[in-house]
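# Examination of the molecular architecture
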Amino acid sequence: LQAEIIDRASNANLTEARREGLRREVLASVSESSMIIFAPAKYTDTITVFTDIDCGYCQKLHREIADYNARGIRVRYMAFPRAGPGQPSWKDAEKVWCSADRRTALTKAKRGEKIAAPDCKTGIIAQHFNIGRDFGLQGTPGIVLESGELIGGYLAPAELASYIAEAKAPAKVSMR
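The following paragraphs examine the structure supplied in this document. From a predicted model like this one, the values you see are computed outputs, not experimental measurements.

Right, let's get into the layout of surface pockets. Empty space within the largest pocket amounts to approximately 150 Å³. Looking at which element gives the most residues to the lining of the largest pocket, the answer is helix α1 (residues 14–29), with four residues.

Quick look at the structure:
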């Protein structure tokens, strides 16, 4: 049996609320040193993006990283090579995460450039991949907001900033 539990009185999805809480807990337990972070000096929001180097929309998101940062959004990348272990995208992710300068390596890899990094078998890629799988990721980019909400897919910087602001705004009560 698989179902969503909905509170009929409030129309709240209790299943998704629980998932969001679990995502927050899991991400809080992941060391930021295992992530690749692009952040402005001052930021108001943080997103965690499960990314695949070969994913077109992940590449688009990364090309716009300066715009996300300009809007006060800090981006924390976690690896999610969709093809799985042993595949070229997995090996590319390992090279990025094994690089001395991960940020530059990620940018180059997303441009299609080859990464000159030592071969290493970091457990980081497997850890990130398993977390993404546990979260039910079906594609990339998978964007997790600070609330724990999972957005499956790309949102442009302005659209994402607006979405985050709207999600953080207090709910309006209807007076009938």
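The structure having been displayed, the exposition proceeds.
Two modes of strand pairing occur in sheets, parallel and antiparallel, and in both the strands are linked by backbone hydrogen bonds. If you trace the five strands from one edge of the open sheet to the other, you get β3-β5-β4-β6-β7, paired in mixed fashion. Single-partner strands in this sheet number two, and they are β3 (36–38) and β7 (150–152). Neighbour-to-neighbour, the strand axes of the sheet open up by a mean angle of 25 degrees, direction not taken into account. One ladder, built from seven bridges, connects strand β4 (residues 45–51) with strand β5 (residues 73–79); its direction is parallel. When the bridges of β5 are listed, F50 appears paired with M78. Across the sheet, helix α5 (residues 102–110) lies against β3, β4 and β5, angled at about 90 degrees from β3, the strand it touches most.

Here the focus is unusual backbone geometry. Looking along the chain, the bond that leaves T140 and enters P141 is cis, with omega of -5 degrees. Examined against the element boundaries, P141 turns out to sit in the loop between α6 (123–134) and β6 (142–144).

The next thing to look at is the packing of aromatic side chains. One pass over the full model with this rule turns up six aromatic pairs. Considering the side-chain rings of F50 and F80, the 6.4 Å spacing of their centres and the 90 degrees angle between planes classify their relative orientation as edge-to-face. Linking F50 in strand β4 with F80 in the loop between β5 and α4 (88–98), this pair joins segments that are 30 residues apart in sequence. Owing to a relative accessible area of 4%, F80 belongs among the buried residues under this scheme. Looking at F50, the relative accessible area reads 0%, which means it is buried.

Ranked by size, the top nonpolar core spans 41 residues in total, and within it I47, F50, V75, Y77, V96 and L160 carry the most contacts. Here the element with the most residues in this core is β5; it accounts for five residues.

If you check which residues of α4 are buried, you get S89, W90, A93, E94, V96, W97 and C98. Structurally, α4 contributes buried residues whose contacts are with β3, β5, α5 and α6.

Within the secondary structure, T46 sits in strand β4. Side-chain polar atoms of T46 contact the side chain of R74, separated by 3.1 Å.

On the secondary structure map, R103 appears in helix α5. Once the C-alpha coordinates of R103 and F38 are considered, the two residues, 65 residues apart in sequence, prove to be 7.7 Å apart. Leave out the neighbours within four places in its chain, and R103 touches I36, I37, F38 and A39. Looking at R103, its side chain comes within polar contact range of the main-chain oxygen of I37, at 2.8 Å.

The next point concerns the pattern of salt bridges. What the rule picks out here adds up to seven salt bridges. Residue E32 is joined to R74 by a salt bridge in which the shortest nitrogen-to-oxygen separation is 2.8 Å. Placement of E32 in the loop between α1 and β3 and of R74 in strand β5 is noted, with a sequence separation of 42 residues between them. Note that D52 is salt-bridged to R82, the shortest N-O span being 2.8 Å.

About the cut-offs
- Residues numbered from 1 in each chain as written.
- Predicted model: local features only at pLDDT ≥ 70, side-chain atom pairs only at ≥ 80, totals over all residues.
- Heavy atoms only, no water.
- 1 Å grid on protein atoms, 1.4 Å probe; cavity = no way out; pocket = protein on both sides within 12 Å on 5 of 7 lines; lining within 4 Å.
- Points joined across faces, edges and corners; volume = space filled by probe spheres on them.
- Helix = DSSP H or I, 4+ residues; strand = E, 2+ residues; numbered from the N terminus.
- Pairing = 2+ DSSP bridges.
- Axes fitted to C-alpha atoms, helices over the stretch in contact; angles between N-to-C directions.
- Contact = heavy atoms within 4.5 Å.
- Phe/Tyr/Trp six-rings, centres within 6.5 Å; stacked < 30°, edge-to-face > 60°.
- Buried < 20%, exposed > 50% of the residue type's maximum accessible area, 1.4 Å probe, protein only.
- Core = buried A, V, L, I, M, F, W, Y, C linked by side-chain atoms within 4.5 Å.
- Polar contact = N/O pair within 3.5 Å; in protein donor to acceptor, adjacent residues only side chain to side chain.
- Salt bridge = Lys/Arg side-chain N within 4 Å of Asp/Glu carboxyl O.

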